[in-house]
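Tertiary structure, described
So the chains spell out like this:
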Amino acid sequence: MTAFLLFGSILLSVGCVASGYSLAGYFVPGILLGVLGTTWIIGLIRRWKWVPLPGLLAIYGFAAAGFFLGLPAGLMFLGAIFGLSAWDLSDFYARLRLAAEGDDVPGLERRHILRLMLVLLLGAGLSTAALVEHVHISFEWMVVLILLGAWGFGRIVRQLLH
Amino acid sequence: MNRAFITALLACLLIVTGLAALHAPLLVLAVPVCIYLLSGILFRPGDIQIEAERRISAERVLVGEKVLVTLKVTNPTNHTLEELLLEDLVPPGLEIVEGSCRHLVRLPAGGSVTWTYGLRGRRGSYSLGRLRATARDQLGLATVQRTVTTTGQLLIVPPVLRLRRVAIQPRRTRVYSGTIPARQGGPGVEFFDVREYQTGDPPRWINWHLTARHPASVYVNQFEQERVADVGLILDGRRIANEFGERTIFEHSVLATASLADAFLNAGNHVGMFFYGKQIVWTMPGYGKIQAERILHDLSRLEPGDSQIFSDLYVPRNLFPSHSQLVLISPLASADDGALVALRSRGYHVLVISPDPVAFELAALPVSTTTDLAARIVRLQRNLLLRRLRATGIQVVEWDVSQPFELVARQFLERRPGLTRGVQP
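Heads up: these notes are all about the structure in this document. Just so you know, these numbers come straight off a predicted model, no measurement behind them. (Residues numbered from 1 in each chain as written. Chains lettered and ligands numbered in written order. Predicted model: local features only at pLDDT ≥ 70, side-chain atom pairs only at ≥ 80, totals over all residues. Heavy atoms only, no water.)

So, on to the overall build of chain B. Along chain B, the regular secondary structure elements total 10 helices and 21 strands. For 425 residues, the compact-globule formula gives about 22 Å, and the C-alpha radius of gyration of chain B, at 34 Å, lies well above that figure. Counting only C-alpha atoms, chain B reaches 135 × 55 × 35 Å along its principal axes. Going through the 425 residues of chain B one by one, you find that 50% of them count as buried. Sequence-distant contacts in chain B: of pairs separated by 6 or more residues, those separated by 24 or more amount to 72%. Only carbon and sulfur atoms are counted for the fraction: they give 54% of the accessible area of chain B, which is about 20,200 Å². A distance of 4 Å separates the average location of the 47 positive side-chain charges in chain B from that of its 38 negative side-chain charges. (Helix = DSSP H or I, 4+ residues; strand = E, 2+ residues; numbered from the N terminus. Rg over C-alpha atoms; globule rule 2.2 N^0.38 Å. Buried < 20%, exposed > 50% of the residue type's maximum accessible area, 1.4 Å probe, protein only. Contact = heavy atoms within 4.5 Å. Areas by Shrake-Rupley, 256 points an atom, 1.4 Å probe, with all protein chains shown as cover. Lys, Arg positive; Asp, Glu negative; His and termini not counted. Charge placed at Lys NZ, Arg CZ, Asp CG, Glu CD.)

As structure tokens, then:
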């Protein structure tokens, strides 16, 4: 199940961003994304551990560039979401290889995928809401929110790293 | 690279770029990444407080025998470990032949997991007391690792070949009866000498032929007493003598030592062992099965070492008095004759079992004229060394390790050494 979703995520991620570029007439980035997707899949088959990280960064880089270029936001956004999913599943797939015969791998897969889907759906929902709804706040409040965000973000990272 | 760090870096990049460029969609792109990070912090695993219990099917096995290790890991806390990787840290030298020492599980609060795997390994003493537990949240962002200690010791001892008899004849024996000819007349089996009849001698001991030839007196047969002896086994563990590139002949020496110790102890002798290798190890002399087990335990721990000088070989006389039997198990190096001759000159009766290093090394080399020539030269040097030893009265048994040790023992060790019988020292 994980392998199926992983390969699906890579294809959808690369496909969304590449089609966004291609529809706007940028064919070179589309080809580059195709190469990226192929390398990612080959890397998974050949167990190259380094592949998912550049894959994720490239997908997010292309998606961000797509936003700047005014490409279809939905496709860029979906590509990024599926890229995050592919990066997560790549690591999970590698961890599952450590399981021994008789371990409850389907149970682990089910719970992981459920959690990932919830996180991604929540992220996608909040992002869509942010894209659709625009709230106007004053500069002072924006500064306060930025400071609070930076503090909270720092706390999260510190807790995860320790 | 840490996954949490990567995610945080990506989110930071998106937020900073979005703010710098005043481009809201980039901030929106960071939202799923931030939610992903937040999930990691919310569902990160707590401290790992698991309990592990280990059972080993046998604590002492022979080389090649399989051992089953059963591990039971319990989570006594009230929080579930969603993704827990349990790895039993198997020391080098052991190989897993059945099952797996690693399991990826979900361990609910109060739950437990049990598994069994099979091990096999080289000779040695192994500590199987460490289990590494790595807990992650379901997205793998936060990792907590802990090593849990358990009890578990495994001793893999060398195989012991049952030798029928090892004939030695040291000049000095102990007072207890045994199987070593003591060069003294008395009760026994083998004919030793004749003497004049004394009151109390059983009539069946009378030598009628001799008495008929010398009618002035009556003569009786004397038999050679058989007693136990002090036997010191010296195992040579020097790398210089035992190791040839990646291959070592040391395991053969260990096998021979174990078999000889067993044979000598079964015959009732007082046996001790001295190891000269990575470290100097003494197994104090003793009798019986406990001593055999003690020697096997010590043998299982020995490793070849870098000691080079054999001439400092010191055998304490309080443990092995002069004229007792020493058995050296060594492939021998070129300058070893001095130390052995010195032992002989101190009165020890020395038997050398020498696994043949030339044949051993040659078996692993490609056939060529150069190799043949080199082998001939080394063989000549070795033959000279052995000849020098034999000339001083040292009994040398050369063992081509491609042959089973029992065969060599039967051929060369079961017969009595060719010394003059009945001669007192």
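By convention, interface size is frequently given as the accessible area that disappears when the constituent parts associate. In this complex, chain B contributes 46 residues to the contact, which on the side of chain A involves 43 residues. A buried area of about 4,100 Å², summed over both sides, lies between chain B and chain A, and 76% of it is on carbon and sulfur atoms. When residues of chain B are sorted by the area they lose upon contact with chain A, Leu29, Leu104 and Gln138 of chain B head the list and together hold 17% of the total. Applying the counting criterion to the chain B and chain A interface returns 3 salt bridges. A salt bridge links Asp88 of chain A to Arg3 of chain B; its shortest N-O distance comes to 3.3 Å. (Buried area = accessible area lost by both parts, 1.4 Å probe. Salt bridge = Lys/Arg side-chain N within 4 Å of Asp/Glu carboxyl O.)

Take the pairing of strand β20 (residues 349-355) of chain B next. All names here are of chain B. By the criterion of burial, β20 is predominantly enclosed, with 7 of the 7 residues buried. Residue alternation in β20 divides its side chains into two sets, His349, Leu351, Ile353 and Pro355 and Val350, Val352 and Ser354, and both sets are buried. Where strand β19 (residues 325-329) lies against β20, 5 bridges are found, and the strand directions are parallel. Looking at β20, one finds that Val327 is bridged to Leu351. Where the polypeptide runs from β19 across helix α7 (residues 337-345) and back to β20, its parallel neighbour, the crossover connection is right-handed. As paired elements, β20 and strand β21 (residues 395-399) share 5 bridges and run parallel to each other. Note that in β21 the partner of Leu351 across the bridge is Gln395. (Pairing = 2+ DSSP bridges. Right-handed = clockwise from strand over helix to strand, strands pointing away.)

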